[in-house]
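# Notes for the structure review
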Amino acid sequence: MSTLTVDTGQNGRIRKVDSSASVHELGEYEISRLLDRPKHLNLDRQRSFDERSLTDMPSGLSPHPLPRPDVFSRAFDNADSLYSPGKRSGLNTPTSQFGPGMAFEPHPMIGEAWDNLRRSMVCFRGQPVGTIAALDNSEEKLNYDQVFVRDFVPSALAFLMNGEPDIVKNFILKTLRLQSWEKKVDRFHLGAGVMPASFKVLHDPIRNTETLIADFGESAIGRVAPVDSGFWWIILLRAYTKSTGDSSLAEMPECQKGIRLILSLCLSEGFDTFPTLLCADGCCMIDRRMLNDIYRYKTEEYSHTAVNKFNIMPDSLPEWVFDFMPLNGGYFVGNVGPSNMDFRWFCLGNCVAILSSLATHEQSTAIMDLIESRWAELVGEMPLKVCYPAIENHEWRIVTGCDPKNTRWSYHNAGSWPVLLWLLTAACIKTGRPQIARRAIELAETRLSRDSWPEYYDGKVGRFIGKQARKNQTWSIAGYLVAKMLLEDPSHLGMISIEEDKQLKPVLKRSASWTF
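Residues numbered from 1 in each chain as written. Predicted model: local features only at pLDDT ≥ 70, side-chain atom pairs only at ≥ 80, totals over all residues. Heavy atoms only, no water.

As recorded by an unreviewed UniProt entry, the protein carries the name Alkaline/neutral invertase and is attributed to Sesamum radiatum. In UniProt, the protein has this text filed under Sequence similarities (unreviewed entry): "Belongs to the glycosyl hydrolase 100 family." The Function (unreviewed entry) comment attached to the protein in UniProt states, word for word, "Invertase that cleaves sucrose into glucose and fructose." (UniProt positions renumbered as here; feature names shortened; annotations may be inferred.)

Take a look at the structure:
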């Protein structure tokens, strides 16, 4: 297994990496010519966010009263056009400004978090290109010493919000170059649009050369090919463009081709029958009224007039959901399939539904109502449950294959993941409920640093550090920083929030196998 050593200085330069994996040498041409292109940053562009609304932001450090959610959210009606110029966040300075006349001392965790984030930086040929998954000092590093596309997103957002876009641009271009490689898992060829799950830098001290090594799933546990890397890459490219005002990167023919390859892979005929899409987080909005409708469903209906389109059996309603659903509140369930509905709550899918405007204003409000009403279940002692509730007993054996890592209330099976703080905070700001995010962040601050920034927590309320959780997990660190910076300057929301274009009504096309 490879070993990565990183300097603790600002540049995070790599000293040595040993690996027995196959090596793909990047040519001298690669994309270095693109990195040298002059920047066209429109740093004088004005924000569309009304700065005056910042003075009304609720804060435990502020005497200002809590604004009404509808007043707060109106400030973000045009969040898609919000612009976050490359100014440094006050969170990296001795004092911070949270609106005019509201100076306060930053939390001591912030300096520690930035130090750890910079220590995790990986350089390739003198340029920062990402952050490793964890500053893990254990002997079994597995692949936590690599730069993951998914894991780097909160790190990238932190750097963008702090006015350091170069590492993000380098990452986008390097992973774009890796996308063009031939990709195989055993004897199976992956589609041209697949982005790597992760990559690392191999340093040859004899030749004094550095090489990128990508993992498309051929080295992963279970040989799992990456599904979400391409989506996160597009989201990050948009965030970079919104943050810097530099559209030249996204407009490059190479980037446009990369986007087309990703979309061609995901929107191709037949993809709608793949399990990776059918199991997407957040497929159907559930509230108490709809639960009552399902409870009274008729089954075995035929023809296009059927009300129970997926033939959901009323007896499949789990007992826990009746007590879990408050009078006010709702959420997108995890999965809808023939004769089956996965009623579990998934945090990531619901937050993304809000940020992408897939959820209506009413649905977004219902999701926030649910989080507040079921705080003990969804947040507990450490935010935030990745899903709820846990799968137990015989069902756990079937669904997870008796995976010891995914026992009840652990890891992917309803574990608590601090990285989700940034998504929750962004969703809270967009819906005008920043007090929910502040409460969650303050809860995390009681333990996260003291526990050495674990990857996840175990237990029904997230009381215990995960039994196999890595310490100093980079996205736990970056997720906290992004959450704090979003609260400090809500205009950063513009780089990750997507507003619905009411004037654009595209024609939706589905393959013949799609039913609705």
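### Describing the overall build of the protein
If you tally the helices and strands in the protein, you get 18 helices and 17 strands. In the protein, buried positions account for 54% of the 516 residues. Restricting the contact set of the protein to residue pairs at least 6 apart, pairs at least 24 apart contribute 70%. Carbon and sulfur atoms make up 53% of the accessible area of the protein, which amounts to about 24800 Å² in all. (Helix = DSSP H or I, 4+ residues; strand = E, 2+ residues; numbered from the N terminus. Buried < 20%, exposed > 50% of the residue type's maximum accessible area, 1.4 Å probe, protein only. Contact = heavy atoms within 4.5 Å. Areas by Shrake-Rupley, 256 points an atom, 1.4 Å probe, with all protein chains shown as cover.)

### Considerations on the side chain of R433
In this fold, R433 is placed in the loop between α16 (421–430) and α17 (434–445). R433 sits in the buried class, given a relative accessible area of 7%. A polar atom in the side chain of R433 sits 2.9 Å from the side chain of D369. (Polar contact = N/O pair within 3.5 Å; in protein donor to acceptor, adjacent residues only side chain to side chain.)

### Quick word on the environment of R463
The residue R463 is located in the loop between β16 (457–458) and β17 (464–465) in this model. Those residues within four positions of R463 in sequence are excluded, and the remaining contacts are E381, R447 and D458. A polar side-chain atom of R463 sits 2.6 Å from a polar atom in the side chain of E381.

### With respect to helix α5 (residues 166–179)
Here α5 contains 14 residues, and its C-alpha end-to-end distance of 20 Å stays within 8% of the 20 Å for a straight helix at 1.5 Å per residue. Of all 14 residues in α5, 12 are buried, a share of seventy percent or more. Those residues of α5 not exposed but buried are I167, V168, K169, N170, F171, I172, L173, K174, T175, L176, L178 and Q179. (Expected span 1.5 Å × (residues − 1).)

### Considering the packing of aromatic side chains
Aromatic rings considered in pairs are described by the distance between their centres and by the relative angle of their planes. For the structure shown, the criterion picks out 14 aromatic pairs. Arranged with centres 5.1 Å apart and planes meeting at 25°, the rings of F324 and Y388 form a pair that is stacked. Of this pair, F324 sits in helix α11 (residues 319–324) while Y388 sits in strand β15 (residues 387–388), and the two are 64 residues apart along the sequence. Comparing F324 with Y388 shows no difference in burial state: the two are buried. Of the aromatic side chains, those joined through ring pairs into one cluster are W320, F324, Y331, W345, Y388 and W409. (Phe/Tyr/Trp six-rings, centres within 6.5 Å; stacked < 30°, edge-to-face > 60°.)

### Brief notes about the environment of E500
Locating E500 in the fold gives a position in the segment after α18 (474–488). For E500, a relative accessible area of 54% gives the class exposed. Note: C-alpha distance between E500 and T360 (140 residues apart in sequence) is 9.5 Å.

### Remarks on the sheet that holds strand β7 (residues 147–148)
Reading across from one edge, β7-β10-β11 is the order of the three strands in this open sheet, with antiparallel pairing throughout. Two strands lie at the open edges of the sheet, namely β7 and β11 (209–215), each paired on one side alone. Summarising the sheet, β7 and strand β10 (residues 198–204) pair through two bridges and their orientation is antiparallel. Bridge pairing links V147 to F199 in β10. (Pairing = 2+ DSSP bridges.)

### Focus: the pairing of β11
With six of its seven residues buried, β11 lies for the most part within the structure. Here β10 pairs with β11 via seven bridges, running antiparallel. Looking at the pairing, K200 lines up with I213 of β11. Turn length for the β10-β11 hairpin, with the two strands adjacent in sequence and antiparallel, is four residues, and the turn residue N208 shows positive phi of about 55°.

### A word on unusual backbone geometry
In this chain, P383 is followed by L384 through a cis amide linkage whose omega measures 15°. Mapped onto the elements of the fold, L384 is located in the loop between α14 (375–378) and β15. Unusually for a residue other than glycine, N393 sits at a positive phi of about 55°. Structurally, the position occupied by N393 is in helix α15 (residues 393–400). Exposure remark for N393: the relative accessible area of 59% places this residue in the exposed category. The residue W409 is not glycine, and still its phi comes out positive at about 60°. Mapped onto the secondary structure, W409 falls in the loop between α15 and α16. Residue W409 is classed as buried on the basis of its relative accessible area, which comes to 10%.

### Quick word on the pairing of strand β5 (residues 121–124)
Across the two faces of β5 the burial is the same, with M121 and C123 and V122 and F124 all buried. For β5 and strand β6 (residues 127–131), the ladder comprises four bridges, and the chain directions are antiparallel. Paired with V122 across the two strands is G130, which belongs to β6. Count of turn residues in the β5/β6 antiparallel hairpin: two residues, of which R125 carries a positive phi of about 50°.

### A look at the packing of helix α6 (residues 229–244) against helix α8 (residues 253–267)
Orientation of α6 relative to α8, taken along the N-to-C sense of each, is 140°, at an axis distance of 10 Å. At the point where α6 passes α8, the crossing takes the left-handed sense. For the pair α6 and α8, the contacting residues are G230, F231, W233, I234 and L237 in the first and C255, I259, I262, L263 and C266 in the second. Its residues assigned to classes, the contact of α6 with α8 comprises nine nonpolar, one polar and no charged. (Axes fitted to C-alpha atoms, helices over the stretch in contact; angles between N-to-C directions. Left-handed = near helix turned anticlockwise from the far one by under 90°. Nonpolar A, V, L, I, M, F, W, Y, C, P; charged D, E, K, R; others polar.)

### Section: the pattern of salt bridges
Tallied over the entire structure, the rule returns 13 salt bridges. Among the ionic pairs, R118 bridges to E164, the shortest N-O distance being 2.7 Å. Here R118, found in helix α3 (residues 108–119), pairs with E164, found in the loop between α4 (149–161) and α5; they are 46 residues apart in sequence, far enough to count as distant. With relative accessibility at 17%, the residue E164 sits in the buried group. The partner of R447 in a salt bridge is D451, and the shortest N-O contact between them spans 3.1 Å. Assigned by exposure class, R447 and D451 land together as buried. (Salt bridge = Lys/Arg side-chain N within 4 Å of Asp/Glu carboxyl O.)

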